[in-house]
Amino acid sequence: DNNKTVVVTHDALCLYLRQSSTIANAHKWLTEADAHALLHVARLVLMHVEVVQYAADDCKMTNVQEQVLAVARLVVARGVDSATAMAMAAENLAMLVVLPYVVCASRVLDTTDVVQMTSQAFAPMTKRLDVLYPLSNESTERKHSRRAVRPSFFALSAGALDCLGEVLSSLPSDDHRAQILRSGVWKHAIVAMGMHMVAPLAPVSDWFVRVVPPKMIQLRSLAQPTCGALKDAWNAVGSVLALAMCIPPNMLDEGYDCSRERCKSDTQGLAADVQIRIVDAVVGASVEYVGVEQPVEIAEYWTVLVRILEWGAVVAAEPVVVLGTDSTNAQELTMACFGWLFRMTSVCLDNASSGSADSVGADSVGADSVGADSVSAVPAWVSAAAAPALVRRSAMALDAFVNDSRLVGLSPLPQSRIVLVRLVLENLAQLQCHPQALTNSTQSPASHIRALYPNLVALISVNNSSILRLVQQCLLRVSAEILG
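Predicted model only: the values in this text are computed from it and were never measured.

Criteria and thresholds
- As a convention, each chain's residues are numbered from 1 in the sequence order in which they are written.
- Local features are withheld for residues below a pLDDT of 70 in this predicted model, meaning they are given only at 70 or higher, and side-chain atom pairs are given and counted only at 80 or more; totals for whole chains, interfaces and linings count all residues.
- Calculated side-chain values reflect all of the structure's heavy atoms, with hydrogen atoms and water omitted.
- Comment: elements are numbered from the N terminus, with helices defined as DSSP H or I runs of at least four residues and strands as E runs of at least two.
- Only protein chains enter the area calculation, which uses a 1.4 Å probe; residues under 20% of their type maximum are buried, those over 50% are exposed, and those in between are partly exposed.
- Values of accessible area rely on a 1.4 Å probe in the Shrake-Rupley scheme; residue burial ignores everything except the protein chains shown.
- Should any heavy atoms of two residues lie within 4.5 Å, those residues are considered in contact.
- Salt bridge, as applied in this entry: a Lys or Arg side-chain nitrogen positioned within 4 Å of an Asp or Glu carboxyl oxygen.
- Side-chain rings of Phe, Tyr and Trp, where Trp is taken by its six-membered ring, are said to pair if the distance between their centres is within 6.5 Å; with planes under 30 degrees apart they count as stacked, over 60 as edge-to-face, and otherwise as tilted.
- Two conditions define a charge sitting above a ring: the NZ of Lys or the CZ of Arg must be within 6 Å of the ring centre, and it must be within 35 degrees of the ring normal.
- For this quantity, the arc is that covered by the directions from the helix axis to the C-beta atoms.
- Polar contact is defined as a pair of N or O atoms within 3.5 Å, subject to the rule that within protein one atom must be able to donate a hydrogen and the other to accept it, and that residues adjacent in sequence are counted only when both atoms are side-chain atoms.
- For every residue, the predictor assigns a confidence score, pLDDT, that lies between 0 and 100.
- The convention used is that axes are lines fitted to C-alpha atoms, helices contributing only their stretch in contact, and that angles between N-to-C directions extend from 0 to 180 degrees.
- Orientation categories follow fixed angle ranges, with anything under 35 degrees roughly parallel, anything over 145 roughly antiparallel, 65 to 115 roughly perpendicular, and all other angles oblique.
- Each residue is assigned to one of three groups, with Ala, Val, Leu, Ile, Met, Phe, Trp, Tyr, Cys and Pro labelled nonpolar, Asp, Glu, Lys and Arg labelled charged, and all others, Gly among them, labelled polar.
- Two helices that cross are described as forming a left-handed crossing if the nearer one is turned anticlockwise from the farther one by less than a right angle, and a right-handed crossing if clockwise.
- Residues belong to one nonpolar core when they are buried, are Ala, Val, Leu, Ile, Met, Phe, Trp, Tyr or Cys, and are joined through side-chain atoms within 4.5 Å.
- Expected helix span is taken as 1.5 Å per residue step, with the number of steps being one fewer than the number of residues.
- Residues enter a patch when their relative accessible area is above 30% and they make no salt bridge; the linking distance is 9 Å between like charges and 5 Å between nonpolar side chains (Val, Leu, Ile, Met, Phe, Trp, Tyr).

Before going further, it helps to examine the overall build of the protein. Of the regular secondary structure elements, the protein holds 21 helices and 0 strands. Among the 484 residues that make up the protein, the fraction classed as buried is 54%. Accessible area of the protein: about 21600 Å², with a carbon and sulfur share of 52%.

Another aspect to go through is the side chain of Thr118. Within the secondary structure, Thr118 sits in helix α6 (residues 113–121). In this structure Thr118 comes out as buried when scored by relative accessible area, which is 0%. Ignoring any residue separated from it by four or fewer positions in sequence, one finds Thr118 in contact with Met95, Val98, Leu99 and Val102.

Taken as a whole and judged by the stated rule, the model has 7 salt bridges. Salt-bridge contacts for Lys187 lead to Asp113; the nearest nitrogen and oxygen are separated by 2.7 Å. Of this pair, Lys187 sits in helix α10 (residues 185–198) while Asp113 sits in helix α6, placing them 74 residues apart in sequence. A residue is classified by how much of its surface remains accessible, and Asp113, at 40% relative accessible area, is partly exposed. One salt-bridge network, held together by shared partners, links Arg307, Glu310, Arg392 and Arg393.

Throughout the structure, instances matching the rule amount to 5 aromatic pairs. Consider the rings of Trp302 and Trp381, whose centres lie 5.1 Å apart with planes at 65°: the pair is edge-to-face. Remark: Trp381 occurs in helix α17 (residues 380–408) and Trp302 occurs in helix α14 (residues 299–314); sequence separation between them is 79 residues. Grouping residues by exposure puts Trp302 and Trp381 together as buried. A cation over a ring is seen here: Arg220 above Tyr289, with NZ or CZ 5.9 Å from the ring centre. One Lys or Arg, Arg343, reaches over the ring of Trp340 and ends 4.1 Å from the middle of that ring.

To continue, consider α6. In an α-helix, one turn spans 3.6 residues, which is why side chains three or four residues apart end up on the same side. Within the sequence span of α6, burial applies to Val114, Val115, Met117 and Thr118. Angularly, the buried residues of α6 cover 160° about the axis, an arc narrow enough to put them on a single face.

Now for the environment of Asp34. Position of Asp34 among the secondary structure elements: in helix α3 (residues 32–46). Of the polar contacts made by the side chain of Asp34, one reaches the side chain of Thr31; its length is 3.0 Å.

Summarising the model, the protein shows a mean pLDDT of 75, and 69% of its residues fall at 70 or more. Averaged pLDDT values for the elements of the protein fall to 36 in helix α16 (residues 357–360) and rise to 91 in helix α20 (residues 453–458). Note on residues 260–267: pLDDT under 50 across the span, and 21 contacts to partners over four residues away in sequence or across chains.

With that settled, the discussion passes to the packing of helix α11 (residues 207–218) against helix α13 (residues 272–289). In contact at an axis separation of 8 Å, α11 and α13 are set at 10° when each is read in the N-to-C sense. Taken together, α11 and α13 sit at an angle that is classed as roughly parallel. For the pair α11 and α13, the contacting residues are Phe208, Val209, Pro213, Met216 and Ile217 in the first and Arg277, Ile278, Ala281, Val282, Ala285, Glu288 and Tyr289 in the second. Classifying every residue of the contact of α11 with α13 gives 10 nonpolar, no polar and 2 charged.

Across the interface, helix α12 (residues 227–244) lies against α14 with an axial gap of 9 Å and an inter-helix angle of 15°. With respect to α14, the element α12 is oriented roughly parallel. In the crossing of α12 with α14, the sense of the turn from one axis to the other is left-handed. Here α12 contributes Lys231, Trp234, Asn235, Val237, Gly238, Leu241 and Ala242 to the contact with α14, which in turn contributes Glu300, Tyr301, Val304, Leu305 and Ile308.

Attention now goes to the nonpolar core. Trp186, Ile190, Phe208, Met216, Trp302 and Leu425 are the most contacted members of the largest nonpolar core, which has 146 residues in total. Top element by residues in this core is helix α5 (residues 82–103). It accounts for 16 residues.

Glancing now at α12. In this model, α12 (18 residues) spans 26 Å end to end at C-alpha, consistent with the 26 Å of a helix rising 1.5 Å per residue. Taken together, the buried positions of α12 are occupied by Ala229, Leu230, Ala233, Trp234, Ala236, Val237, Gly238, Val240, Leu241, Ala242, Leu243 and Ala244. Where α12 terminates, the next one or two residues include Cys246, which has phi positive at roughly 60°.

On the surface, a cluster of nonpolar side chains totalling about 310 Å² of accessible area is made up of Tyr453, Val457, Ile460 and Leu468. Inspection of the secondary structure assignment puts Tyr453 in helix α20. Overall, Tyr453 belongs to the partly exposed group, its relative accessible area being 36%.

Here the focus is the environment of Gly312. In this structure, Gly312 sits in helix α14. For the pair Gly312 and Cys337, spaced 25 residues apart in sequence, the C-alpha to C-alpha distance is 5.6 Å. Excluding residues that lie within four positions of it along the chain, Gly312 makes contacts with Met245, Leu333, Thr334 and Cys337.

Structure below.
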């Protein structure tokens, strides 16, 4: 027209997408401008007013949506600068992953960068849909509806999640990883995967657990050139882990006493086995990442990580379930978090008690996660961060057991409570505490027992022979120090 505006029809855009692979094969390689144009056109086609926004099967993508994902794969395969191409494709895929949350105006992580970026990128198209779909509902010729939009975007999001995981898993070199980090795409990918993990809008594979923890370990070599970006990525991991554990944000504030304030999260709780698998994957990768000196890029994240484990370890000691799950799930998660606190406080990871079900009873579900698969020394700063939290949560579990035993009198407490206390006492008796873990106590392998001495003495009043034997084992470890 006179304003030199090019008007492209829906059919032309779809034809362009279908022919994109042929065009790319003819030109062999895509420049950065070509890749940007392809991805932009794909977004335009995806939300075009004439595109059918749902498939016959809600779990499958439409043809156009499959073409949109094919474009992302094409950019990765044919980009002249493979690092830049992978970063562009991963950013586009991350936006597609969170697209259902934008369309549905989800409150989950709605303030994160990737959601805001997606909202801006699709703002013109979503506004048109908001206007046109109510009109089409009243039309007898069109059968599309606002409710019909969501299933198709869910299927697209699930497909984009798989593609995103494949891209992150196939980064061939440190240059590619550094480019992903510096562009902020890595952080966006972590949040996008985490949103599907903790607030799934469709059944998807759990890419967060499978991809993020091992890849974060590989990024250790890039700490110097990309320290700020790596810090943001680790903080994103902590945010997703906290959301997976259904922890209210105020509970992560320093100095917040979760033993006195109890509040429920608005996020629906995950199954206990999923929560434990997430904790094991993330904390295991975090411990493997660290060195003798605390890396600068994880200082803030590590504080949050210890608070998360402390939160998880307090659940079963409280009379109110605060994780949005039932008491059985809380018990399992408590044992897993206690196990990691014990391992992080120990001189070596293998020195912490395995806490297996055979040693504490058949009801000790999830305690196997405490054991370590390899021998490795724990840095002093890691133990110093975990030991105070371990002492606080152990004291809470022991005190709660004593107080509840007095309330019920001769009636026995639930077996799950007995199993938890036995697990804590067995680990306390066997733990070789790092000498520098507790600064306010004697620097000995049993300094944690000295810190809990009043709580252990109070347990003598409990009428349970198995618990009394474990208390005796703990006190014998420090008897020489106390009497000498």
